[in-house]
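# Structure assessment
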Number of protein chains: 2
Amino acid sequence: MSKNTAVSVSVIKRLPRYYRFLGELKKSGTVRISSGELSRRMGLTASQIRQDLNCFGGFGQQGYGYNVEQLYKEIGKILGVNNNIKAILIGAGNLGKAIATHMSFEQRGFNLIGIFDKNEALAGQLVRNIPIRHISGMYNFCRDNSPAVAVLCIPSENAKEIIDELIPLGIKGFWNFSHYDIAANYPGVAVENVHLSDSLMMLSYRINNI
Amino acid sequence: MSKNTAVSVSVIKRLPRYYRFLGELKKSGTVRISSGELSRRMGLTASQIRQDLNCFGGFGQQGYGYNVEQLYKEIGKILGVNNNIKAILIGAGNLGKAIATHMSFEQRGFNLIGIFDKNEALAGQLVRNIPIRHISGMYNFCRDNSPAVAVLCIPSENAKEIIDELIPLGIKGFWNFSHYDIAANYPGVAVENVHLSDSLMMLSYRINNI
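The structure contained in this document is the topic of the report that follows.

Bringing the overall build of chain A into the picture now. Tallying secondary structure elements over chain A gives 9 helices and 9 strands in all. Expressed as lengths along the three principal axes of its C-alpha atoms, the size of chain A is roughly 60 × 45 × 35 Å. Considering chain A as a whole, with its 210 residues, one finds that 51% of them fall into the buried category. Taking contacts inside chain A between residues at least 6 apart in sequence as the whole, the part at least 24 apart equals 59%. Accessible area for chain A stands at about 9,700 Å²; split by element, carbon and sulfur atoms hold 46% of it. Taking the average place of the 23 positive charges on the side chains of chain A and the average place of its 16 negative ones, the gap between the two points comes to 10 Å.

What follows is the structure, given as structure tokens:
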């Protein structure tokens, strides 16, 4: 995959949203769409959409608009939805189980191959048809199966120890539901944070300031 | 609560992170901290921190730094963590149950008072000590209890119908885990989106572009 290093982060961050919208259009049978119509639906200006998509080589044709199927595929390729990256999930509490069960990992470029928890009582339980393993087996599992990504659904206080073990084992990316600040402490690792409580506090703020 | 309308959204969006850091400092017994030390820990510049916090009246004292406890309280007040806003959760599937169980609603300004699902088989199950109710009882429940916020853990295709019912019942904010674009369709309502699959795709992109 080519590195789109010249493309700004803010454009990249809009791509999943384009991808979602185009996926819905595709599902509804729409074959092509103008930047004007796409802008109306997405609440962006048409010129911003043209500019965004031009960053990746310009998929549109003057007077025709965008081919929905093709644009969906191309953005998916840029995002890496066909990468099939091996991932493990650490922490099979309520949140971990829900993430494992709920997410379409395969459609987003991942293959969830292992689930670990420090609670021995959970070992053997199936989640998404994957047996929960005790955390003590994580080292051997990673050595044998070479996952590249870890989904962290553990409390912050346990994060450092786990990350220190995972990085030498070849984990190069984290989907981080803990509040531990991975990016600050491990530069060079890919991190995507989901701070649910930050989001909830933002809602509280927004409601007070409608 | 005063409306901080002059404060930019980007400053506001950093407040939950300040709040988290300060909470950890407080827990570890730190009484005061300089903007320099806070900047080192948070990966922001000291001048940005001073600028951010000055927006709300300047909590720091030259040569002393910030009083951790006081700053934590003040930011919490701005975010509304003591608001005790009544909330209901719609959709008690894996994700809905995990959100209901996992989140510290009370500490973030909310009081979860009801959980609803269209699946009759779930009715009566306890989640967080709250009985799941069939969705047909939502109207009466809202009329009687006046929740102001709904947490949506339902598929996008069911969102519009539910939102159309909830807004006339007094719901003025949504914590939205569905992919339905509430903000575009209902301007004037407070919305905070959690797009888990967007986040997962961003991780895929980041790993390919380390």
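Residues and elements named next belong to chain B. In spatial order, the strands read 5-6-4-3-7-8-9; together these 7 strands make up an open sheet with mixed pairing. Each edge of the open sheet is held by one strand with a lone partner, namely strand 5 (126–127) and strand 9 (190–193). Two elements, strand 7 (residues 149–152) and strand 8 (residues 173–176), share 4 bridges in a ladder whose sense is parallel. Residue pairing in the sheet places Val 149 in a bridge with Gly 173 of strand 8.

Turning next to unusual backbone geometry. Residues and elements named next belong to chain A. Unusually for a residue other than glycine, Ser 146 sits at a positive phi of about 50°. Note on placement: Ser 146 falls in the loop between helix 6 (138–145) and strand 7 (149–152). The partly exposed category is assigned to Ser 146, whose relative accessible area is 48%.

The next thing to look at is helix 7 (residues 156–166) of chain A. Residues and elements named next belong to chain A. Along helix 7, the positions that sit buried rather than exposed are Ala 159, Ile 162, Ile 163 and Leu 166. Seen end-on, helix 7 carries its buried residues on one side only, within an arc spanning 100°. Turned more than 90 degrees from where helix 7 packs its buried face, Glu 157 and Glu 161 sit exposed. Turning to helix 7, the residues buried within the fold contact strand 3 (85–90), helix 6, strand 7, strand 8 (173–176) and helix 8 (182–185).

Moving on, we come to the interface of chain A and chain B. At the interface, 58 residues of chain A touch 58 residues of chain B. Approximately 5,600 Å² of surface area, both sides summed, lies buried where chain A meets chain B, with 66% of it carried by carbon and sulfur atoms. It is Leu 200, Met 201 and Tyr 205 of chain A that lose the most area in chain A upon contact with chain B, and together they represent 13% of the buried surface on that side. Across the chain A-chain B interface, the total number found is 6 salt bridges.

The next thing to look at is the relation of the copies chain A and chain B. Mapping chain A onto chain B is achieved by rotating through 180° and translating by 0.0 Å along the same axis, at an RMSD of 0.0 Å. In the structure described here, the two chain copies are related by an operation that fits a two-fold rotation axis. Residues of chain A ranked by C-alpha distance from the rotation axis are headed by Ala 98 of chain A, positioned 3.0 Å from it.

Taken residue by residue, a regular strand's side chains alternate between the two faces of the sheet. All names here are of chain A. Summarising the sheet, strand 4 (residues 110–117) and strand 6 (residues 130–134) pair through 3 bridges and their orientation is parallel. Looking across to strand 6, one finds that Asp 117 is bridged to His 134. Across 2 bridges, strand 5 (residues 126–127) lies against strand 6 in antiparallel orientation. Looking across to strand 6, one finds that Val 127 is bridged to Ile 130. The turn joining strand 5 and strand 6, which pair antiparallel and follow one another in sequence, is formed by 2 residues; a positive phi near 55° is taken by Arg 128.

Our next topic: the sheet that holds strand 4 of chain A. Residue and element names in this part refer to chain A. Strand order in the open sheet formed by 7 strands is 5-6-4-3-7-8-9, and the pairing between neighbours is mixed. Single-partner strands in this sheet number two, and they are strand 5 and strand 9 (190–193). Packing of helix 7 onto the sheet brings it into contact with strand 3, strand 7 and strand 8, and relative to strand 7 it is tilted by some 170°.

Let us look at the packing of helix 1 (residues 9–27) of chain A against helix 2 (residues 35–42) of chain A. The description of two helices packed together rests on the angle between their axes and the distance between the axes. All names here are of chain A. Relative to each other, helix 1 and helix 2 sit at 110°, their axes nearing to 11 Å. As far as their axial angle goes, helix 2 and helix 1 are roughly perpendicular. In contact with Arg 17, Tyr 18, Phe 21 and Leu 25 of helix 1, helix 2 contributes Leu 38, Arg 41 and Met 42. Tallied by class, the residues present in the contact of helix 1 with helix 2 amount to 5 nonpolar, no polar and 2 charged.

Take the nonpolar core next. Ranked by size, the top nonpolar core spans 56 residues in total, and within it Ile 99 and Trp 175 of chain A together with Ile 99 and Trp 175 of chain B carry the most contacts. Each residue touching Trp 175 of chain A, except ones within four places of it in the same chain, is listed here: Ile 99, Met 103, Phe 105, Ala 150, Val 151, Leu 152, Glu 192 and Val 194 of chain A together with Leu 196, Ser 199, Leu 200 and Leu 203 of chain B.

Moving on: the pattern of salt bridges. Here the structure, examined in full by the defined rule, presents 20 salt bridges over all chains. One salt bridge connects Arg 40 of chain B with Glu 37 of chain B, and the closest N-O pair in it is separated by 3.1 Å. Residue Arg 40 of chain B and its partner Glu 37 of chain B are both found in helix 2 (residues 35–42); the two are separated by 3 residues, about one turn of the helix. By relative accessible area, Arg 40 of chain B is classed as exposed at 59%. Note that Glu 37 of chain B is salt-bridged to Arg 41 of chain B, the shortest N-O span being 3.1 Å. With Glu 37 of chain B and Arg 41 of chain B both in helix 2 and 4 residues apart, the pair spans about one turn of that helix. Note on Arg 41 of chain B: relative accessible area 38%, which makes it partly exposed. Connected through salt bridges with shared partners, the residues Glu 37, Arg 40 and Arg 41 of chain A form a single ionic network.

Procedures and definitions
- Residues numbered from 1 in each chain as written.
- Chains lettered and ligands numbered in written order.
- Predicted model: local features only at pLDDT ≥ 70, side-chain atom pairs only at ≥ 80, totals over all residues.
- Heavy atoms only, no water.
- Helix = DSSP H or I, 4+ residues; strand = E, 2+ residues; numbered from the N terminus.
- Buried < 20%, exposed > 50% of the residue type's maximum accessible area, 1.4 Å probe, protein only.
- Contact = heavy atoms within 4.5 Å.
- Areas by Shrake-Rupley, 256 points an atom, 1.4 Å probe, with all protein chains shown as cover.
- Lys, Arg positive; Asp, Glu negative; His and termini not counted.
- Charge placed at Lys NZ, Arg CZ, Asp CG, Glu CD.
- Pairing = 2+ DSSP bridges.
- Arc of directions from axis to C-beta.
- Buried area = accessible area lost by both parts, 1.4 Å probe.
- Salt bridge = Lys/Arg side-chain N within 4 Å of Asp/Glu carboxyl O.
- Least-squares fit on C-alpha atoms with pLDDT ≥ 70 in both.
- Axes fitted to C-alpha atoms, helices over the stretch in contact; angles between N-to-C directions.
- Parallel < 35°, antiparallel > 145°, perpendicular 65-115°, else oblique.
- Nonpolar A, V, L, I, M, F, W, Y, C, P; charged D, E, K, R; others polar.
- Core = buried A, V, L, I, M, F, W, Y, C linked by side-chain atoms within 4.5 Å.

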